[in-house]
Amino acid sequence: LTAAPADLNQLDGGAEDPRTVDKLLHPEVMTTNAAYMWLAPWQPGKQTHSLSITIAPPSAPPVAVTALRVWNYNKSADDAERGVRAATVLLDGRLVSPPGGALFRRAPGHAEFDYAQTLPLRWQPPSAVA
């Protein structure tokens, strides 16, 4: 699991912020506790973000991945604005999200219900209409 930028600790004067990329695989998913979330710096027009998840080493048998389950950033109603809005998803180098990116809902800012979103990894371009 790698990300660029990895987290807020990469900023100049970065402290020991607990919202690191390893939290993407943390079992505590329906929460408002920021210690269980990932947060990366974002500055419009200054950088591109990337996230790479390796499911199994290349020497292992193939693993079928059919969807991603996403819980967007949910510290509070005000901080939910920090979540991901859209992402382009590649699986083994093949586009599996719409070309403009998969759109993600804003989290509710509370943990009263499961606000997860499932992103199927099977996008195909629309067929030509005859």
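Since we're looking at a predicted model, the values are computed, not measured.

Each value, and the rule that gives it
- Residues numbered from 1 in each chain as written.
- Predicted model: local features only at pLDDT ≥ 70, side-chain atom pairs only at ≥ 80, totals over all residues.
- Heavy atoms only, no water.
- Salt bridge = Lys/Arg side-chain N within 4 Å of Asp/Glu carboxyl O.
- Helix = DSSP H or I, 4+ residues; strand = E, 2+ residues; numbered from the N terminus.
- 1 Å grid on protein atoms, 1.4 Å probe; cavity = no way out; pocket = protein on both sides within 12 Å on 5 of 7 lines; lining within 4 Å.
- Points joined across faces, edges and corners; volume = space filled by probe spheres on them.
- Nonpolar A, V, L, I, M, F, W, Y, C, P; charged D, E, K, R; others polar.
- Core = buried A, V, L, I, M, F, W, Y, C linked by side-chain atoms within 4.5 Å.
- Buried < 20%, exposed > 50% of the residue type's maximum accessible area, 1.4 Å probe, protein only.
- Contact = heavy atoms within 4.5 Å.
- pLDDT = per-residue confidence, 0-100.
- Pairing = 2+ DSSP bridges.

A. Expanded view of the pattern of salt bridges. Using the criterion set out here, one finds seven salt bridges in the structure. Residues aspartate 114 and arginine 69 are paired through a salt bridge, measuring 3.4 Å at the closest nitrogen-oxygen approach. Of this pair, aspartate 114 sits in the loop between strand E7 (102-103) and strand E8 (117-120) while arginine 69 is found in strand E3 (residues 67-70), placing the two residues 45 residues apart along the sequence. Two residues, arginine 85 and glutamate 81, come together in a salt bridge whose shortest N-O distance is 2.4 Å.

B. Summary view of the environment of serine 50. Along the chain, the position of serine 50 falls in strand E2 (residues 50-52). In this structure, the C-alpha to C-alpha distance between serine 50 and alanine 4, residues 46 residues apart in sequence, is 5.3 Å.

C. View of empty space enclosed by the protein. In this structure the tally under the stated criterion is one cavity of 30 Å³ or more. A volume near 50 Å³ is recorded for the largest cavity. Every residue along the wall of the largest cavity is listed here: Val70, Trp71, Asn72, Arg105, Arg106, Ala107, Tyr115 and Gln117. Here the lining of the largest cavity is built from residues that sort into four nonpolar, two polar and two charged.

D. Expanded view of the nonpolar core. Counting six residues, the largest nonpolar core is built from Val89, Val96, Ala102, Phe104, Leu119 and Leu121. Not counting chain neighbours up to four residues away, the residues in contact with alanine 102 comprise Arg85, Ala86, Ala87, Ser97 and Leu119. Counting residues in each nonpolar core, the second largest holds five residues, with Ala34, Met37, Leu39 and Tyr73 among its members.

E. The arrangement of unusual backbone geometry in detail. Omega for the peptide link from alanine 4 to proline 5 comes to -5°, which places this bond in the cis form. By the element assignment, proline 5 lies in the loop between strand E1 (2-4) and E2. For aspartate 92, which is not glycine, the phi dihedral falls at a positive 55°. As for its placement among the helices and strands, aspartate 92 is situated in the loop between strand E5 (90-91) and strand E6 (94-95). Judged by its relative accessible area of 81%, aspartate 92 is exposed.

F. Representation of the side chain of threonine 31. Here threonine 31 shows up in the loop between E1 and E2. In this view, threonine 31 contacts Tyr36, Met37, Asn74, Ala111 and Tyr115; residues no more than four positions away in its chain are not counted.

G. A look at the confidence of the model for the protein chain. On average, residues of the protein chain score 86 in pLDDT, and 92% of them reach the 70 mark or higher. Element-level mean pLDDT values for the protein chain span from 86 in E5 up to 92 in E7.

H. Fine view of the environment of threonine 54. Structurally, threonine 54 can be placed in the loop between E2 and E3. Threonine 54 sits in the exposed class, given a relative accessible area of 57%. Separated by 20 residues in the primary sequence, threonine 54 and alanine 34 have C-alpha atoms spaced 24 Å apart.

I. Looking closely at the pairing of E8. Of the two faces of E8, only one is covered, namely that formed by Gln117 and Leu119; the face formed by Thr118 and Pro120 stays uncovered. With four bridges connecting them, E3 and E8 associate as antiparallel partners. Residue pairing in the sheet places alanine 67 in a bridge with proline 120 of E8.

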